[in-house]
Amino acid sequence: MADPRGVRRGSVLGYLRREWSAAPVTACPILVPVSSVAGGAILDDLVARGLVQDSTDLGALRERLDAGPVTLYCGFDPTADSLHIGHLVPLLTLRRFQDFGHRPVALAGGATGMVGDPSFRSDERNLLDEEELGANVAAMATQLRAFLRFDDLGPGDQAALLLDNREWTVGVTVLEFLREVGKHVTVGTMLAKESVKARLSGEQGLSFTEFSYMLLQANDFYELHQRHGCELQIGGSDQWGN
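Now for a look at the structure at hand. (Residues numbered from 1 in each chain as written. Predicted model: local features only at pLDDT ≥ 70, side-chain atom pairs only at ≥ 80, totals over all residues. Heavy atoms only, no water.)

## Here we look at the nonpolar core
Thinking step 1. Judged by nonpolar contacts, the single largest core of 30 residues is most densely connected at L65, F76, L94, F97, F147 and L148.
Thinking step 2. Put simply, the parts of the chain that give this core at least two residues each are α2 (41-48), α3 (58-67), β1 (71-76), α4 (88-99) and α5 (130-144).
Thinking step 3. Ignoring sequence-local partners within four residues, the contact set of F97 consists of I42, L46, L65, L72, H102 and L232.
Thinking step 4. Membership of the second largest hydrophobic core comes to 11 residues, among which are M190, Y213, M214 and L215. (Core = buried A, V, L, I, M, F, W, Y, C linked by side-chain atoms within 4.5 Å. Buried < 20%, exposed > 50% of the residue type's maximum accessible area, 1.4 Å probe, protein only. Helix = DSSP H or I, 4+ residues; strand = E, 2+ residues; numbered from the N terminus. Contact = heavy atoms within 4.5 Å.)

Have a look at this one:
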């Protein structure tokens, strides 16, 4: 898994996050398409930009990219009614893949947003109701369209997809999820995650709700592969354990 690292937090980035969140994104003037030819060249481009830190197998990834276009995804949980500066690097990486002829999937976490990602948080997120989550997903969808091409495609373009993981999660019962997903992952693997260990050693602890988040995200990848042939996930450094 190619894993472009997220932007680190800081006082300046915190300011930019507040400023960007204050108004909807209407255009993305930063990028110009660099190529319409799929292949391993995109990996060289990302490495040159310092955007690849962890990968399950870079050699296999390069071989697959050289073989032809791939479908890849990045998830965005709708915890607010706007994207923020921390989403910028993964979004631009999706855009770069599209510029190189691959098909990007922007996944809105309508289901995972109901749980909340515990990665590198000292306390549990406030749980949002379905109405608020739905409004946040709609707002994010508008902003995502400013970065990715869903229509008005040029030669060699692959249309981006905008999906919501509620599509395959809401109707699944607890027993079905435990039987079909939970049995494939050991507790030891889940406990080895750095952010989980940090929360367990802290004062706040970690609820079972948050602990199950990584299983929901793993199931997203499986469902995207089954439904859309997705082969690659990208994300910020906090998502490596997921």
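## Description of the pairing of β1
Thinking step 1. Among the 6 residues that make up β1, 5 are buried, leaving the element largely enclosed by the rest of the structure.
Thinking step 2. Sheet analysis places β1 next to strand β2 (residues 103-108), joined by 6 bridges and oriented parallel. Bridging from a neighbouring strand, G75 pairs with L107 of β2.
Thinking step 3. After leaving β1, the chain enters α4 and then returns to the sheet as β2, a path that is right-handed.
Thinking step 4. Where β1 and strand β4 (residues 230-233) come together, 3 bridges link them in parallel fashion. Paired with T71 across the two strands is C230, which belongs to β4. (Pairing = 2+ DSSP bridges. Right-handed = clockwise from strand over helix to strand, strands pointing away.)

## Remarks on the layout of surface pockets
Thinking step 1. Space inside the second largest pocket adds up to approximately 400 Å³.
Thinking step 2. Lining the second largest pocket are 17 residues, with V174, F177, F208, S212 and L216 sitting closest to its centre.
Thinking step 3. Among the secondary structure elements, those contributing two or more residues to the lining of the second largest pocket are α7 (174-180), α10 (208-211) and α11 (213-228).
Thinking step 4. Looking at the lining of the second largest pocket residue by residue, the class counts come to 13 nonpolar, 4 polar and no charged. (1 Å grid on protein atoms, 1.4 Å probe; cavity = no way out; pocket = protein on both sides within 12 Å on 5 of 7 lines; lining within 4 Å. Points joined across faces, edges and corners; volume = space filled by probe spheres on them. Nonpolar A, V, L, I, M, F, W, Y, C, P; charged D, E, K, R; others polar.)

## A few points about a nonpolar patch on the surface
Thinking step 1. Residues V174, L175 and L178 make up a contiguous nonpolar surface patch of roughly 330 Å² in combined accessible area.
Thinking step 2. As for its placement among the helices and strands, V174 is situated in helix α7. (Patch = residues over 30% accessible without salt bridge, like charges linked within 9 Å, V, L, I, M, F, W, Y side chains within 5 Å. Areas by Shrake-Rupley, 256 points an atom, 1.4 Å probe, with all protein chains shown as cover. Salt bridge = Lys/Arg side-chain N within 4 Å of Asp/Glu carboxyl O.)

## What about the packing of aromatic side chains?
Thinking step 1. Enumeration over the complete set of coordinates arrives at 1 aromatic pair.
Thinking step 2. Centroid distance Y73 to F221: 5.5 Å. Interplanar angle 65 degrees. Geometry classified as edge-to-face. Of this pair, Y73 sits in strand β1 while F221 sits in helix α11, and the two are 148 residues apart along the sequence.
Thinking step 3. A relative accessible area of 23% means that F221 is categorised as partly exposed.
Thinking step 4. Over the ring of F150 we find R145, and its NZ or CZ is 4.6 Å from the ring centre. (Phe/Tyr/Trp six-rings, centres within 6.5 Å; stacked < 30°, edge-to-face > 60°. Lys NZ or Arg CZ within 6 Å of the ring centre and 35° of its normal.)

## As for the sheet that holds β4
Thinking step 1. Taken together, the 4 strands give an open sheet; going across it, the order is β3-β2-β1-β4, and neighbouring strands pair in parallel fashion. Every other strand in the sheet has two partners, leaving β3 (161-164) and β4 as the edge strands with one partner each. The sheet shows a mean angle of 35 degrees between the axes of neighbouring strands, taken without regard to direction.
Thinking step 2. Two elements, β2 and β3, share 4 bridges in a ladder whose sense is parallel. (Axes fitted to C-alpha atoms, helices over the stretch in contact; angles between N-to-C directions.)

## A short note on a negative patch on the surface
Thinking step 1. A surface patch of negative charge is lined by D81, D129, E130, E131 and E132.
Thinking step 2. Tracing the chain through its elements places D129 in the loop between β2 and α5.
Thinking step 3. Note on D129: relative accessible area 45%, which makes it partly exposed. (Lys, Arg positive; Asp, Glu negative; His and termini not counted. Charge placed at Lys NZ, Arg CZ, Asp CG, Glu CD.)

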